[in-house]
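Here's the letter readout for the chains.
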Amino acid sequence: MIFIALIAVIGVLLLQWTDSIPPGSVGGSLTIGFTYIAAALAVGIHEAWTKKRGVLGWMVNIVVSFVGVLLAAQLGGIILVLLLSPFTTGRSLAATGGPVMSVSLAGGMLFSLLGAWGALQIVNRWRDRPKQANPNSLQP
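Overview of the structure. These numbers were taken from a predicted model, which means no experiment stands behind them.

With that out of the way, let us pick up the overall build of the protein chain. Secondary structure assignment for the protein chain yields five helices and zero strands. Mapped from its N terminus to its C terminus, the protein chain presents α and β elements in the order α-α-α-α-α. Against the compact-globule benchmark of 14 Å for 140 residues, the protein chain has a radius of gyration of 19 Å, which places it well outside the compact range. In terms of overall dimensions, the protein chain has C-alpha extents of about 70 × 25 × 25 Å along its principal axes. Within the protein chain, the fraction of its 140 residues that count as buried is 35%.

Once that is clear, we can look at the pattern of salt bridges. Under the criterion given, the structure shown has one salt bridge. As a salt-bridge pair, Glu 47 and Arg 53 come within 3.5 Å of each other at their nearest N and O atoms. The exposure class of Glu 47 is buried, given its relative accessible area of 8%.

Turning our attention to helix H2 (residues 26-50). An ideal rise of 1.5 Å per residue puts 36 Å on 25 residues; H2 measures up with 36 Å between its terminal C-alpha atoms. Residues Gly 28, Ile 32, Thr 35, Tyr 36, Ala 39, Ala 40, Val 43, Gly 44, Glu 47 and Ala 48 constitute the buried set of H2. Packed against the buried residues of H2 are helix H1 (2-17), helix H3 (55-84) and helix H5 (98-128). Where H2 ends, the next residue or the one after it, Lys 52, has phi of about 55°, a positive value.

Close contact between H1 and H2 brings their axes to 11 Å; oriented N to C, the two are set at 165°. Put simply, H1 runs roughly antiparallel to H2. Crossing geometry of H1 relative to H2 is assigned as right-handed. Contact residues: Ile 4, Ala 8, Val 12 and Leu 15 in H1; Thr 31, Thr 35, Ala 39, Ala 42, Val 43 and His 46 in H2. Of the residues contributing to the contact of H1 with H2, the split by class is seven nonpolar, three polar and no charged.

What follows concerns the packing of aromatic side chains. Evaluated as defined, the whole model comprises one aromatic pair. For the pair Trp 49 and Trp 58, a centre-to-centre distance of 6.3 Å together with 75° between the ring planes defines the contact as edge-to-face.

The next subject is H3. Taking 1.5 Å per residue, 30 residues should reach 44 Å; H3 reaches 42 Å between its end C-alpha atoms and fits that length. Among all positions in H3, only Gly 57, Asn 61, Val 64, Ser 65, Gly 68, Val 69, Ala 72, Ala 73, Gly 76, Leu 80 and Leu 84 are buried. Each element contacted by the buried residues of H3 is listed here: H2, helix H4 (93-96) and H5.

In this section: a nonpolar patch on the surface. The grouping of Leu 6, Ile 10, Leu 14 and Trp 17 at the surface amounts to a nonpolar patch, some 430 Å² of accessible area in total. Within the secondary structure, Trp 17 sits in helix H1.

We now examine the side chain of Glu 47. Its place among the elements puts Glu 47 in helix H2. Polar side-chain contacts of Glu 47 include one of 3.5 Å to the side chain of Arg 53. A polar atom in the side chain of Glu 47 sits 2.3 Å from the side chain of Asn 61. In contact with Glu 47, other than residues within four places in its own chain, are Arg 53, Asn 61, Leu 120, Asn 124 and Arg 127.

Reading the values: the criteria
- Residues numbered from 1 in each chain as written.
- Predicted model: local features only at pLDDT ≥ 70, side-chain atom pairs only at ≥ 80, totals over all residues.
- Heavy atoms only, no water.
- Helix = DSSP H or I, 4+ residues; strand = E, 2+ residues; numbered from the N terminus.
- Rg over C-alpha atoms; globule rule 2.2 N^0.38 Å.
- Buried < 20%, exposed > 50% of the residue type's maximum accessible area, 1.4 Å probe, protein only.
- Salt bridge = Lys/Arg side-chain N within 4 Å of Asp/Glu carboxyl O.
- Expected span 1.5 Å × (residues − 1).
- Contact = heavy atoms within 4.5 Å.
- Axes fitted to C-alpha atoms, helices over the stretch in contact; angles between N-to-C directions.
- Parallel < 35°, antiparallel > 145°, perpendicular 65-115°, else oblique.
- Left-handed = near helix turned anticlockwise from the far one by under 90°.
- Nonpolar A, V, L, I, M, F, W, Y, C, P; charged D, E, K, R; others polar.
- Phe/Tyr/Trp six-rings, centres within 6.5 Å; stacked < 30°, edge-to-face > 60°.
- Patch = residues over 30% accessible without salt bridge, like charges linked within 9 Å, V, L, I, M, F, W, Y side chains within 5 Å.
- Areas by Shrake-Rupley, 256 points an atom, 1.4 Å probe, with all protein chains shown as cover.
- Polar contact = N/O pair within 3.5 Å; in protein donor to acceptor, adjacent residues only side chain to side chain.

Remember that the coordinates give geometry; whether it matters functionally is a separate question.
Given below as C-alpha cells:
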C-alpha cells in the first residue's frame, strides 16, 4: 500500500509539473479524476492479489475500492480546500498553482487512497467475521 501511494502521488505531481493538467478547463479535472480511479484500481487489485480472492472477490474489491475513492475524494477535497484556502491568490487552488496545487494534489491522492483502503478493510471485516450459530435452530 505504501508503494502504491508513493507511485500515485509521484505520478499526479509529475502530471502537474509537466503541465499535463490544464488549470482552466474540464480536462484538468478529468485528468485528476482518472489518476484517482487508476490508483483505486491498483489498490483493489493489490488487495485481491495478496489475499488470493476468487473471481467474485476481485470484482467486489474493485467496486468497493471505487466507492471508497469516490467518497473519500469528496471529503478530502473539502478538507484540503479549507486548509489551503488561506494560501490561495486566485479564485481556486488550480488558479493559484505552484506549491499550493502540488500539496492539494498529493493530499487529495492520499485521502482517496485512504478511502479505498478503508472501504476494503470494512468489507474484509465483514468477510472474515465468524459465523455465529442461530440459537433458534433445531440442529445440535
